[in-house]
Amino acid sequence: MVLVRKMLLFFVVCLFLHGALYAIFTQKFGKGDLWKAEQQVLYPPQGYRYLFMGDSRANKAVLLDQIPAAQKWAAGGESVAMRYYKLQRLFDTPKAPQPEVLLLSHDFSIYAQSNIDYVRNYYYYNQLIDYADWSETHHIPFAAAQKTYYVYRFFPYIESRDIFLRGMENVFQFGVDNAAQLNEHSAAQNDAIARNFVWNTLLQKKPATLYSHTGLLYLQRIIDLCRRQHLPIILLSYPMPDCTQHIVDSIFPNPPLVSPVDSLLQHYPEVQQWDYSRLFAGKDSLFLDILHLNPQGAASFSQQVAADLACWE
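Residues numbered from 1 in each chain as written. Predicted model: local features only at pLDDT ≥ 70, side-chain atom pairs only at ≥ 80, totals over all residues. Heavy atoms only, no water.

This part is about the packing of aromatic side chains. Counting across every chain of the model gives 12 aromatic pairs. On the numbers, 6.4 Å between centres and 75° between planes, the contact of F280 with F287 is edge-to-face. F287 gets classed as buried once you look at its relative accessible area, which sits at 0%. Feature note: the residues Y84, Y85, W134 and Y218 constitute an aromatic cluster, connected by ring pairs. (Phe/Tyr/Trp six-rings, centres within 6.5 Å; stacked < 30°, edge-to-face > 60°. Buried < 20%, exposed > 50% of the residue type's maximum accessible area, 1.4 Å probe, protein only.)

Written out as C-alpha cells, the structure reads:
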C-alpha cells in the first residue's frame, strides 16, 4: 500500500509539472513571432501585394516600413520545405488574400542537405506539416515522423532545450565576441567564422550536399503550387559579406555553368531571379555577421528592393 501511494504521488507530481510546463511554454511561445506573422499574412488589417518568405536572412533584411504593401512570413532556420507547407496553409485558408508576388529566399545555403534536415520551432510547424508526405519526401519511416509530431504536440516544452542551445551555439562555436558586428572583427576572424559555417555546419565537409534532392524537390513543389495559383515568384538572393563570398568561391572555384537549380528553373521561365548577393561588396559596415545585414544594411537593401519592384512593374 505504501508503494502504491508513493507511485500515485509520483504520478500526480509528474502530471502537475507537465501541466505547468505545458502552460508556461504555450503561453510564451504559442503565439510567438511566427504565429504573429501568420496572422498578418492570413488575416491582414489591409491588403498587401508582396509576400517575402525565407529564413533569418529575409527576416533581418526586409523592413516592411521601407517596402509599400508588403508582408513578411520568415523565421530563423526555416527550410524550403517549411515554406512549402506554409504556402499550402495560405492557399487553403478561406478568404485569405493572395499576394500578387512571392519573393522567396534563394542563396547558396537554401537547398543544402543540412538545411533541409535542420528543423526548429516544432511547436509551430507541427500544425502545418503533413507527416505522411514528410516521411515520403525525407525517406524516413512514417512511424518515426509521427513520433516527432506527437512528442512535440504533447510535450512542446522539450523544445526549450533546443531554444537554449540555439541561443548558445554561437558562443560554443565562436566565443562570446561573435556577438560583435562584422566590422568589429579582424579579417582573419571573419574568414575563420565563415569557413566554419560554410564548410563544417552547412556542407558538413561534403560539398556534394550543397544541392540535395529533397531541397530541389520542395523548390519544384513551391513553383508548381504557385503556378496553379497564378502567383508570380521572384527568387531573391540576399547580400553576402566579402568574407563569406570568398569562402564559397574558394570551396567551389569552378562552379558548374548550369547548377541543379538552374537546370530546374529552365522548365519554369516565368520564375524571376534577383541576385543581390554582391550588392554591398566591400561594405562590411552594413553587415551584422557573416550572413545577416544590420539595421543600416537592411534599410538600404529594402529601399533598393522597393525601387526595383516599382521599376519591374
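A separate point is helix α14 (residues 295-312). For α14, with 18 residues, the first-to-last C-alpha span of 25 Å sits near the 26 Å given by 1.5 Å per residue. Along α14, the residues that are buried comprise G297, A298, A299, F301, S302, V305, A306 and L309. On its buried face, α14 sits against β1 (50-54), α3 (56-61), β3 (101-105), β4 (233-237) and β5 (272-275). (Helix = DSSP H or I, 4+ residues; strand = E, 2+ residues; numbered from the N terminus. Expected span 1.5 Å × (residues − 1). Contact = heavy atoms within 4.5 Å.)

A few words on unusual backbone geometry. One can expect most non-glycine residues to show negative phi and most peptide bonds to be in trans. Non-glycine residue A69 carries a positive phi angle of around 60°. Along the chain, A69 falls in the loop between α3 and β2 (70-74). Since its relative accessible area comes to 34%, A69 is described here as partly exposed. Backbone geometry places K95, a non-glycine residue, at a positive phi of 70°. With respect to the element layout, K95 can be found in the loop between α4 (80-92) and β3. According to the relative accessible area criterion, K95 is exposed, its value standing at 86%.

This part covers a nonpolar patch on the surface. A surface patch of nonpolar side chains, about 490 Å² in accessible area, is lined by L9, V13, F16, L17 and L21. For V13, the location among the structural elements is in helix α1 (residues 2-29). (Patch = residues over 30% accessible without salt bridge, like charges linked within 9 Å, V, L, I, M, F, W, Y side chains within 5 Å. Areas by Shrake-Rupley, 256 points an atom, 1.4 Å probe, with all protein chains shown as cover. Salt bridge = Lys/Arg side-chain N within 4 Å of Asp/Glu carboxyl O.)

Before going further, it helps to spend a moment on the nonpolar core. Counting 48 residues, the largest nonpolar core has W73, L87, L90, L102, W134 and I222 as the members making the most contacts within it. Take this core: its biggest share by element is eight residues, from α4. Apart from residues no more than four positions distant in its own chain, L90 is found in contact with V41, L42, Y48, L51, W73, A96, P97 and P99. In terms of nonpolar packing, the next biggest core, distinct from the first, is built from 40 residues, V62, A74, A194 and Y276 among them. (Core = buried A, V, L, I, M, F, W, Y, C linked by side-chain atoms within 4.5 Å.)

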